[in-house]
Structures are given as C-alpha cells and as structure tokens.
Amino acid sequence: MQYFSLQHKQHQVSFEQAVVQGLAPDKGLYFPDHIPALEKDLVDFLENYDDFDIAYRAIQPFIGEEIPAAKLQQIIQDTLSFPFPLQPVTDKIFSLELFHGPTLAFKDVGARFMAGCLGYFRRNDERPVTVLVATSGDTGGAVAHGFHHVPGVRVVILYPSGKVSTLQEKQLTTLNGNITALEIQGSFDDCQRMVKTAFLDQELQQHSLLTSANSINVARWLPQMFYYLLAAKQAKAAGAQPDNIVFSVPSGNFGNICAGMMAAAMGLPIQHFIASTNVNDTVPRFMQNGRYEPHTATPTLSNAMDVADPSNFVRILELSANSLPALQEKLSSYSFTDVQTVAAMQQIWQEFGYMMDPHGAVGYLGLQQYLQLTAGANGATGIFLETAHPVKFADTAPAALQTAITIPDRVKALYSLEKQAVQLPAEYAALKEWMMHA
C-alpha cells in the first residue's frame, strides 16, 4: 500500500514513511492509493470472528508486509485491551461506549495503535523522534499515555489554555518523563496551525525528527475503523440488520467519522452517517450550501469539538470523489448549542437513566434530528458514539447531574497531582524558539 498527499497525488510514500512524517512535505494529508475490500465472509458473518481478528483483517491491507503479522497482531491486542460495549438507551437507539480505555476517551485506540507502529518502525534507529501534537482535549491525554516511556520518543503536546476540562488537563500535564505539555494562549485552531507550520519548517526539521499523533497521521486515523466493525458485530447480535444502521458521530477534527466512512467504503454495510457538531458548524453549513467557510472557533461545553477548520474533512471529500451530491447521499450534518446539549443530557438521564457526556449528547441530538427528518429512516437502528466518560466533564455538567456521575478511582488519584506545563503565546515563533532550545 502506498500513500499519496491530498495536495499533490504524485507524492507517494510507504505506510512507514506516512507514519513517521505525519504530514506530507507539501502540507497535505496522506491517503491510501486504493481502498481495499473487506472479505465478504467477514462482512456477512462478523459474529463468527473475535474482535482481534476483525481488527487485523480490516487494518492489515493498509500496512501490508511493513509490519510482520505476529507483531501487528500484538499491537492490535495491546490496542483493544478494553471493551467497547453497545448500550441500549431506547428500543432503537444505542450508545457505543468508547471511554473504557486508560484515559476514558475514544482516542486511546488510535494513540495506542500509533505508539505500537512507531515503536516498531523506530526499533533500530538511535535518533530520537519528537511526537508533536495539538489537542482540543482528549487527544493530548491519550497520546501522552500511549507514548509514555516509549524509548526514543519525546512527546510535545500543545493545548489551548482554559479551553480543556480540569481532568483533561490533569491527564496531559502530570505524566512528565518524556511528555511535555505546552499551554498555548489561544484556541485549538491556533495549536493546530502551529503544529502544521512546524512540519514545514526545514530548519526545525533538521534540528528535530518530527512526527504528528493527531488524526492527520494515518496510524491514528485508520484504526478508528475498529469502532464501526465491532459496533456492527454487537448490533447484529442484538437483532439489528447491519445494512440498516445509522451512526451519529460527535465531530470535531472529523477523523473518527472519516474512519467510519472508510470502513463503509471497504464494504461494511452502513445506511448513513451523521456528523454532529456543536456551534462550530463549518461542515453543517458546507453540506447545505457547498461553501467551506471556517469561522473563528467558539468555546463550548463539548470542547473536544471546538474546531472551526477540521483537518480530516479533505479525506471525507476524497472518499466522495470531491462531489457534494455524492457526499450528501452518505452523510448528513447538524449543529447544536450548549443549551440543547444540556437539555439532552438531562432528558436522557431522567427518562432512561443513561448518563451522557456533552459530546455524546451532541451525537444523540444529531441522531434524533436525522431520524425525525427521515421518519425513522425505515426503522433504522441508531447508534451514537459516546466518546468520553462523563466524569471528564463533571465540572461543567448540569448541577443536577454532577452528583450522579461515577468517578473511577484512577481519576480521583489524578486530581492530587501537580500540573506541569510551559506557557507560550499563540505564535509559531515562540514554539520554534522553545523547541530549538528545549
């Protein structure tokens, strides 16, 4: 499998090069040169395969012989070392809980998979590599834990000051060791812009070998396909028809939903996708008028989705041959306010006893809106992704819900640890100066 830049398709690299580089030299995101088909037997009889085998068969064609089968299987076992339960909320609506990993967020999967791949590729290279990553909340903690104590790897995480939750900040600022957190006086889009600029800086590249662990990296993005395959397996066991499933995905940088659409392009029968956003509604507006016009990001309760210019949307366009009508057949997108988010959290808790975090609540709202507009989409089974444990946002949850949120023991221990972060202005020159001398 080769990967080309979405800026200039003639620039092609191997999977290893795409992982180590993160971003193409022309600033483009890497994309596979062809989309492999899932085995028909796998699609038809998901219930006959264990989770590790499903994941291996889905991801192996993207890697080929670059990682030996036994090593890739080990990486997958390490990645999927926690459950992804499908929880019924109503008769036809399920929550896919992706928060049972070490940092209580869905990004644990991509971070652990990438750490395994990068660790293998760097096994014989004595040069240290710097993983440079921007986070709007959950990516930072997942990457920090995924790469903690990985030999030869230094992790530098940029996060927007005052725009992540208390727990999110603790998760990315208290590990120390090979992990450094940079608290940026700006937005996530500022952090992402600074990271992308660093990858184009030849002087910095000569000083430090850089790679990215954001979902722009193919090793972070592609393993998120596992969620949809494992959800379809569970939904089928619950009596649903796999080709009658609608997925609603809380969407910020759009890597998660893009991975789901890749799984569908490979042959997983999914009826429709919904990209549910908060008021940062660049994609919902694009889906209506065909104009991609990012505004300045607005802080919300669902802060991991406070992204005005989602990097992975270019991959979604590529999957649809850059045709808006073709994309509209596969994808709908709606935006919701904090008021609507809070109301949904309260309603679902009061009526069904199910606790959602703000991101999951946005996903639920998107699913509800789609089902209402399509008169139930012919009896479809609706699945919204619950991407983070509610405790991660307990400090901003409605007061009536805060006392009902379960606090895991490992979370209680985090609050006693001291934050360690370097404060920088939202200027690339400041980041470069720090990295050249750190």
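Residues numbered from 1 in each chain as written. Predicted model: local features only at pLDDT ≥ 70, side-chain atom pairs only at ≥ 80, totals over all residues. Heavy atoms only, no water.

- Going by the annotation in an unreviewed UniProt entry, the name recorded for the chain is Threonine synthase, with Chitinophaga agrisoli given as the source organism.
- In its Pathway (unreviewed entry) section, the UniProt entry covering the chain states "Amino-acid biosynthesis; L-threonine biosynthesis; L-threonine from L-aspartate: step 5/5."
- As stated in UniProt under Catalytic activity (unreviewed entry), the record for the chain gives "O-phospho-L-homoserine + H2O = L-threonine + phosphate". (UniProt positions renumbered as here; feature names shortened; annotations may be inferred.)

## Structural notes on unusual backbone geometry
At step 1: Unusually for a residue other than glycine, Lys-27 sits at a positive phi of about 80°.
At step 2: Along the chain, Lys-27 falls in the loop between helix 1 (15-21) and strand 3 (30-32).
At step 3: Even without glycine at this site, Ala-321 takes up a positive phi of about 55°.
At step 4: Inspection of the secondary structure assignment puts Ala-321 in the loop between helix 14 (313-319) and helix 15 (324-330). (Helix = DSSP H or I, 4+ residues; strand = E, 2+ residues; numbered from the N terminus.)

## Details of the packing of aromatic side chains
A ring pair, where both rings are aromatic, is described by two values, the distance of the centres and the angle of the planes.
At step 1: Applying the stated criterion to the full structure yields 18 aromatic pairs.
At step 2: On the basis of an interplanar angle of 50° and a centroid distance of 5.9 Å, the ring pair of Phe-4 and Phe-31 is categorised as tilted. A residue pair is termed long-range when its members are at least 10 positions apart, and Phe-4 in strand 1 (residues 3-5) and Phe-31 in strand 3 qualify at 27 residues.
At step 3: With relative accessibility at 7%, the residue Phe-4 sits in the buried group.
At step 4: Since its relative accessible area comes to 4%, Phe-31 is described here as buried.
At step 5: An aromatic cluster is built from Phe-82, Phe-84, Phe-106, Tyr-227, Tyr-228, Phe-247 and Phe-273, whose rings are joined through pairwise contacts.
At step 6: Between Arg-123 and the ring centre of Tyr-120, over which it is positioned, the NZ or CZ distance is 3.9 Å.
At step 7: One residue, Arg-315, lies across the ring of Trp-221, its end atom 4.2 Å from the ring centre. (Phe/Tyr/Trp six-rings, centres within 6.5 Å; stacked < 30°, edge-to-face > 60°. Buried < 20%, exposed > 50% of the residue type's maximum accessible area, 1.4 Å probe, protein only. Lys NZ or Arg CZ within 6 Å of the ring centre and 35° of its normal.)

## Re the sheet that holds strand 9 (residues 209-212)
Working definition: the strands of a sheet are paired by backbone hydrogen bonds and lie parallel or antiparallel to each other.
At step 1: On the basis of which strands lie adjacent, the open sheet formed by five strands has the order 9-6-7-8-14 and parallel pairing. Strands at the two margins of the open sheet, each flanked by one partner only, are strand 9 and strand 14 (422-425). Going from strand to strand, the sheet's axes swing by 30° on average, the running direction of each strand aside.
At step 2: With six bridges joining them, strand 6 (residues 129-134) and strand 7 (residues 153-160) adopt parallel strand pairing. Opposite Val-133, over in strand 7, you have Ile-157 as the bridge partner.
At step 3: Lying on the sheet, helix 8 (residues 188-199) is in contact with strand 6, strand 7, strand 8 (179-185), strand 9 and strand 14; it crosses strand 6 at an angle near 150°. (Pairing = 2+ DSSP bridges. Axes fitted to C-alpha atoms, helices over the stretch in contact; angles between N-to-C directions. Contact = heavy atoms within 4.5 Å.)

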